[in-house]
Amino acid sequence: MNKRAHEEGRQTTSIAAVVDCVGSLATGSLAGNLYLYDTNKSGGSTGHGSEDLHTRVKVGDQLLWTAFGLECETFLRIAEISMDETVCVPERHLYPGTDVSYWIATVKKNPIGELPYRLAFTVGARREPMFAPRSPVLFGTDQATA
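Model, not experiment: these values are computed from the prediction. (Residues numbered from 1 in each chain as written. Predicted model: local features only at pLDDT ≥ 70, side-chain atom pairs only at ≥ 80, totals over all residues. Heavy atoms only, no water.)

Chemist: Describe the overall build of the protein chain, listing the residues and the values that go with them.
Modeler: What the protein chain contains, in helices and strands, is 2 helices and 11 strands. Along the protein chain, helices (α) and strands (β) appear in the sequence α-β-α-β-β-β-β-β-β-β-β-β-β when read from the amino end. For 146 residues, the compact-globule estimate of 2.2 N^0.38 gives 15 Å, and the protein chain sits close to it at 15 Å. Across its three principal axes, the protein chain shows a C-alpha extent of roughly 50 × 35 × 25 Å. When the 146 residues of the protein chain are sorted by exposure, 40% land in the buried category. Here the contacts in the protein chain between residues at least 6 apart in sequence split such that 59% fall between residues at least 24 apart. (Helix = DSSP H or I, 4+ residues; strand = E, 2+ residues; numbered from the N terminus. Rg over C-alpha atoms; globule rule 2.2 N^0.38 Å. Buried < 20%, exposed > 50% of the residue type's maximum accessible area, 1.4 Å probe, protein only. Contact = heavy atoms within 4.5 Å.)

Rendered as structure tokens:
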């Protein structure tokens with residue numbers, strides 16, 4: 001595939017984490033308080049609105065992670081995204097002039113099978129990060145959905 005065709009096939013997939021901050025702080029867990037979505041449902045992603053998001057990706061795709069709290073008064077941010085760095089390397093950025101962060105990465109190679117990754121969040125004034133109870137997954141375009 002030539003470079004131009006590759007660039008034309010590239011897409012940006014936004015991955016949003018919606019957190020019930022009050023519920024997670026009350027229970028000390030994100031279990032039942034985390035809802036994941038992406039913008040590639042028509043491309044084969046599954047598990048929208050759950051903790052079991054499976055995002056379909058291909059080489060060259062750009063991924064953009066953001067977090068939203070159901071309660072706007074409670075501080076929330078993605079503290080860490082950990083995954084196989086041979087597939088992609090998420091990096092934290094700040095929106096200009098703010099302390100609001102987002103994470104971005106470009107898929108370097110198609111995952112072989114399913115590639116689970118770890119999401120950690122800073123919620124409220126809690127010092128310890130809160131981890132997603134299940135690992136969301138990236139999977140390649142040649143893989144069947146879970």
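Chemist: Could you give me a rundown of the environment of S82, with the residues and numbers involved?
Modeler: Assignment of secondary structure puts S82 in strand β5 (residues 76–82). Among all residues touching S82, those that are not within four sequence positions of it are Y117 and R118. Looking at S82, its side chain comes within polar contact range of the side chain of E80, at 2.4 Å. (Polar contact = N/O pair within 3.5 Å; in protein donor to acceptor, adjacent residues only side chain to side chain.)

Chemist: Break down the packing of aromatic side chains for me, citing the residues and quoting the values.
Modeler: Pairs of aromatic rings are described using the distance from one ring centre to the other and the angle between the two planes. Counting across every chain of the model gives 2 aromatic pairs. Centroid distance W65 to Y117: 5.9 Å. Interplanar angle 75 degrees. Geometry classified as edge-to-face. Highlighted residues: W65 in strand β4 (residues 62–69) and Y117 in the loop between β8 (114–116) and β9 (118–123), separated in sequence by 52 residues. Here W65 falls in the buried class, since its relative accessible area comes to 1%. Residue classification places Y117 among the buried residues on the basis of a relative accessible area of 2%. (Phe/Tyr/Trp six-rings, centres within 6.5 Å; stacked < 30°, edge-to-face > 60°.)

Chemist: Account for the sheet that holds strand β1 (residues 12–19), naming residues and giving values.
Modeler: Strand pairing in a sheet is mediated by backbone hydrogen bonds. Such pairs are either parallel or antiparallel. Ordered by their spatial adjacency, 5 strands build an open sheet running β2-β1-β4-β7-β6, and the pairing between neighbours is mixed. The sheet is open, and its two edges are formed by β2 (34–38) and β6 (91–94), each paired on a single side. For this sheet the average axis-to-axis angle between neighbouring strands, irrespective of direction, equals 25 degrees. The pairing of β6 with strand β7 (residues 101–106) spans 4 bridges and is classified as antiparallel. Across the sheet, the residue bridging to E91 is I104, located in β7. (Pairing = 2+ DSSP bridges. Axes fitted to C-alpha atoms, helices over the stretch in contact; angles between N-to-C directions.)

Chemist: Tell me about the sheet that holds β5, residues and numbers included.
Modeler: As summarised here, the arrangement of the 3 strands in space is β5-β9-β10, forming an open sheet in which the pairing is antiparallel. Strands with a single pairing partner mark the edges of an open sheet, and in this sheet they are β5 and β10 (130–131).

Chemist: Tell me about the pattern of salt bridges, and please be specific about residues and values.
Modeler: As enumerated under the stated definition, the model contains 5 salt bridges in all. Of the charged contacts in the structure, one is a salt bridge between E80 and R118, with a shortest N-O distance of 2.7 Å. On the criterion of sequence distance, the pair formed by E80 in strand β5 and R118 in strand β9 is long-range, its members being 38 residues apart. Judged by its relative accessible area of 28%, E80 falls in the partly exposed class. Across the pair R126 and E128 runs a salt bridge, and its minimum N-O distance is 3.8 Å. Among the ionic contacts, a cluster of salt bridges with common partners joins E51, D52 and R134. (Salt bridge = Lys/Arg side-chain N within 4 Å of Asp/Glu carboxyl O.)

Chemist: Which residues make up the nonpolar core, and what values do they have?
Modeler: Counting residues in hydrophobic clusters, the biggest one holds 28 residues, and the most contacted among them are W65, L119 and F121. Secondary-structure elements contributing two or more residues to this core are β1, β2, β4, β5, β7 and β9. (Core = buried A, V, L, I, M, F, W, Y, C linked by side-chain atoms within 4.5 Å.)

Chemist: Describe the environment of Q62, listing the residues and the values that go with them.
Modeler: Examined against the element boundaries, Q62 turns out to sit in strand β4. The sequence separation of Q62 and S50 amounts to 12 residues, and the corresponding C-alpha distance is 22 Å. Excluding residues that lie within four positions of it along the chain, Q62 makes contacts with R10, Q11, T12, T13, I104, A105 and T106.

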